[in-house]
Amino acid sequence: MSATERYLANNADYASRFAGPLAMEPSQHVAVVACMDARLNVYGALGLREGEASVIRNAGGVITEDVIRSLAVSQQLLKTHEIILIHHTDCRMLAFPGYTLKEPIRSDWGMLPPWPEESFHDVATDVQRSISRIQASPYIPHRDSVRGFVLDIATGQLEEVTSHSRR
């Protein structure tokens, strides 16, 4: 049985107990941007329940144009006004600070991807950069409550990143 088949069986069990539908707007008016790393359980780390927050994930939890788009939708259509950023220790985007993803793709497919890979050298610095990108965006109406954290993969503990934080 493939992983997808197992997950579909799990879904049948989930659907049999599902209490939905939930409201479209997140009940806590929060959007969370986090890394897609499978070790990072955003719901568990924050104690979130379904329907409480918009959760946006990508490689590194980086604030890209598409994340800005998703945050704009979350704030303007779903009425969120707080933003929580979660990066983490031992991130794969950190493991290759000099690594270039574009050349392997070019050699495999004959063309360069149009997007930047957005790897980084320091997790806390990237959280600060992500906060700055949100605060500089004219598309995000609520920029006064943006906070960033680094989750320690070994302990599950969140550490807030301030302008003086360094990891």
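Residues numbered from 1 in each chain as written. Predicted model: local features only at pLDDT ≥ 70, side-chain atom pairs only at ≥ 80, totals over all residues. Heavy atoms only, no water.

Asks: Would you mind showing me how to read the side chain of T80 here?
Replies: Tracing the chain through its elements places T80 in the loop between α3 (65-78) and β3 (82-88). Overall, T80 belongs to the buried group, its relative accessible area being 1%. Here the side chain of T80 touches S74 through a polar contact of 2.8 Å, side chain to side chain. Look past the residues within four positions of T80 in its chain and what remains in contact with it is P26, H29, V30, A31, S54, S74, Q75 and H142. (Helix = DSSP H or I, 4+ residues; strand = E, 2+ residues; numbered from the N terminus. Buried < 20%, exposed > 50% of the residue type's maximum accessible area, 1.4 Å probe, protein only. Polar contact = N/O pair within 3.5 Å; in protein donor to acceptor, adjacent residues only side chain to side chain. Contact = heavy atoms within 4.5 Å.)

Asks: So what exactly am I meant to see when it comes to the pairing of strand β1 (residues 30-35) here?
Replies: The two faces of the sheet receive side chains in turn, since in a regular strand these alternate between them. In terms of residue burial, β1 counts as a mostly covered element, since 6 of its 6 residues are buried. Two strands pair when backbone bridges link them, and β1 and β3 are joined in this way by 5 bridges, in the parallel orientation. Paired with V33 across the strands is L85, a residue of β3. (Pairing = 2+ DSSP bridges.)

Asks: Can you walk me through the sheet that holds strand β5 (residues 158-161) in this structure?
Replies: Adjacent strands of a sheet form backbone hydrogen bonds with each other and so pair up, either parallel or antiparallel. Taken together, the 5 strands give an open sheet; going across it, the order is β2-β1-β3-β4-β5, and neighbouring strands pair in mixed fashion. Looking along the sheet, the strands with just one partner apiece sit at the ends: β2 (53-58) and β5. On average, each strand axis in the sheet is tilted by 25 degrees relative to the strand beside it, whichever way the strands run. Sitting on the sheet, α3 is in contact with β1, β2 and β3, with an inclination near 175 degrees to β2. Set on the sheet, helix α6 (residues 123-136) makes contact with β3, β4 (146-151) and β5; between it and β3 the angle comes to about 155 degrees. (Axes fitted to C-alpha atoms, helices over the stretch in contact; angles between N-to-C directions.)

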